[in-house]
There are 2 protein chains.
Amino acid sequence: MGKKEKATIHDIATKLGITASTVSRALNNHPRISAKTKKLVNEAAKEIDYKPNSFAVALRNGRSKLIGIVVPTVNRNFFSSVVRGIEEFANERDYRVIITQSYDDYEKEKQTVDALIDAQVDGILVSLGKTTSRHQHFKKAIDAGIPLIFFDRVAENLPVGQVVIDDYQASFKMTEHLIKEGYRHIAHFNSPVPVNIFKERYRGYKEALETYGLSVDPRLILHSNLQLEDGRDSARKLLDRKVPFDAIFSASDYSIVGALQELKKHGIRVPEDVGLAGFGNEPFTEFTDPPLSTVDQVSIPMGQAVAKMFFDLLENQGKALPVQQIVLSSEVIFRASTRKFS
Amino acid sequence: MGKKEKATIHDIATKLGITASTVSRALNNHPRISAKTKKLVNEAAKEIDYKPNSFAVALRNGRSKLIGIVVPTVNRNFFSSVVRGIEEFANERDYRVIITQSYDDYEKEKQTVDALIDAQVDGILVSLGKTTSRHQHFKKAIDAGIPLIFFDRVAENLPVGQVVIDDYQASFKMTEHLIKEGYRHIAHFNSPVPVNIFKERYRGYKEALETYGLSVDPRLILHSNLQLEDGRDSARKLLDRKVPFDAIFSASDYSIVGALQELKKHGIRVPEDVGLAGFGNEPFTEFTDPPLSTVDQVSIPMGQAVAKMFFDLLENQGKALPVQQIVLSSEVIFRASTRKFS
């Protein structure tokens, strides 16, 4: 590896026959170092092309002005919008944001959190991977005194700040909307993964049905990974079961698009025969035919709330602040896919 | 700020009455340091809870094992897929990837490149922002000896590696396809920004028309920012101009969806009255009605090619390698939106 070695303060120290610590203090204009020594050090630094990097400077004063974000994937409008909200807030305060992805893989999540700790970020903002059940890698960050905040997919047992949306309320409202539109046999797509967001979405669906005197039929509840293909599969299974259904409410936009494609293939009309509603407000929900009802997860405000919580922690570092949980209201968007009568 | 100061090698040095440089060498098991001193240093380190961070270790041996990526935004399937390709390749080689966004803003791009240089990443992989015309911030990385590679949107005048797709060829093929389907008055949406990809897409459109003896009508060429709204506007302008057109080929998927919405609003049938084709293969192009013909930009292979080029540079650092340009063939996808006859 022919890479030219980077000059270090040790090289300056050797050159001048003084200690690295003296060099370091001279470069930092320490009052205990004489003007003469400072001059010598600065000249030597110039001569051997020593470049102090602001990262090393940050290490010294304890701030890198970097915020690390961990998301399952940036390839979801929701996550990339939360990042945008965080970034806007952080940039105004002269902080930079670096993003890493866990791809919903526990090992990758662990490695990426380690990398962020090593990179001395001033805070780590996380939305959990689906397969994450242990939290040792986060305890490391907590022990290292790095502010840690969860958003959307949160670790419920760690004593750290959280920003979530009211998934229960959104789910309740969407199911209620379907009932009020005249749908009576409402199927539900959800994930088998025991993450807060999925549990809450199911609870909202269930309690809305019960509130309106409708029964929860387990044959109409299908669990999957909620991707496009899963939506097609689940719709096919529903049709095969021959249990009547006149609406599907999915915990994800991707699977409801899959269902839309599958139903169309069978000549089933949306919204006349079957109403469809998703969750996430991915941009494509506006482009389908018909456009899909969905839940907007107020991603930009969520990002801003997460960033604000981080800067509050930073300003009060060392003080025993109560652990905060912020719950944001989401917005239910009614489009043509659920308009049976209206 | 009540944050407990992190113990440093200077604290160990003070404690033992030796120089920081001796401490550093002892911790790194330097042969010139006696076994006794090493023992003392390691004990002192333990006592005052000194944690060498792998980042500092990396600084010493010149490798952080981090790759920095700069993209305009992660909120495009194309960019997030290229990142995925890079990440898969890098993770296999025990490298981590950190992502930053320029939001097509020159100042942000500059700051984010600076932050990556400060963070001592081992390489910077960049897709240029639309407003970037100066390249001083990249010269800084080159001067610092950090491997720099461009992908997709590249700086043509910098002597660094590039991975691009053959935008010209893809554009030519899509226009040719429209002609062969029987469309004769093919409008074109493009960007006014002088970036390689947009220039090449225009050139492919123009030369396909000429090859088939059709004239290029400037009234059918519309420039915009190519977002959804821009597509609606451009379609409206086309209709207002009353110059006959029977197809639109756009340099972006977003604007062609906008055009689809606008044409439908006017009762114009796609593909019977007007054929539509986009560029980018965003997932939603499959979900529209009709599904849209588009160009797949082979994003995963592009990411892998970029990562491979980076590791080649890393392994041969210091050697004068020729600057590489890799051109990937893209895949033209024909869907219902351009099937006039077939």
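The following paragraphs examine the structure supplied in this document. Since we're looking at a predicted model, the values are computed, not measured.

Quick look at the sheet that holds strand 6 (residues 186–190) of chain A now. Residue and element names in this part refer to chain A. Spatially, the 4 strands line up as an open sheet ordered 7-6-8-9, and their pairing is parallel. Edge positions in the sheet fall to strand 7 (221–223) and strand 9 (275–277), since each of these pairs with one other strand and no more. In this sheet, adjacent strand axes meet at a mean angle of 15 degrees when their direction is disregarded. When strand 6 meets strand 8 (residues 247–250), the two strands line up parallel, connected through 4 bridges. If you follow Ala187 over to strand 8, its bridge partner there is Ile248. Across the face of the sheet, helix 9 (residues 196–211) comes into contact with strand 6, strand 7 and strand 8 while running at roughly 170 degrees to strand 6.

Moving on, we get to helix 3 (residues 35–47) of chain A. Residues and elements named next belong to chain A. If you check helix 3, its first and last C-alpha atoms are 18 Å apart, about what 13 residues at 1.5 Å a residue would give, namely 18 Å. Among the residues of helix 3, Lys38, Val41, Ala44 and Ala45 are the ones counted as buried. Looking straight down helix 3, one finds its buried side chains confined to an arc of 135 degrees; they lie on one side. What points out from helix 3, more than 90 degrees from its buried face, is the exposed set Ala35, Lys36, Lys39, Lys46 and Glu47. The inward-facing, buried residues of helix 3 contact helix 1 (9–16) and helix 2 (20–27). Asp49, located one to two residues past helix 3, shows a positive phi value of around 60 degrees.

Looking now at the side chain of Asp152(A). Residues and elements named next belong to chain A. Mapped onto the elements, Asp152 comes out in the loop between strand 4 (148–151) and strand 5 (161–165). Arg201 provides the closest opposite charge to the buried, unpaired Asp152, separated from it by 4.6 Å. Not counting residues up to four positions away in its chain, the partners in contact with Asp152 are Phe78, Phe79, Ser127, Val163, Val164, Asn196, Ile197, Gln297 and Met302.

Conventions used here
Residues numbered from 1 in each chain as written. Chains lettered and ligands numbered in written order. Predicted model: local features only at pLDDT ≥ 70, side-chain atom pairs only at ≥ 80, totals over all residues. Heavy atoms only, no water. Pairing = 2+ DSSP bridges. Helix = DSSP H or I, 4+ residues; strand = E, 2+ residues; numbered from the N terminus. Axes fitted to C-alpha atoms, helices over the stretch in contact; angles between N-to-C directions. Contact = heavy atoms within 4.5 Å. Expected span 1.5 Å × (residues − 1). Buried < 20%, exposed > 50% of the residue type's maximum accessible area, 1.4 Å probe, protein only. Arc of directions from axis to C-beta. Lys, Arg positive; Asp, Glu negative; His and termini not counted. Salt bridge = Lys/Arg side-chain N within 4 Å of Asp/Glu carboxyl O.

Treat this as a map of the structure, not an account of what it does.
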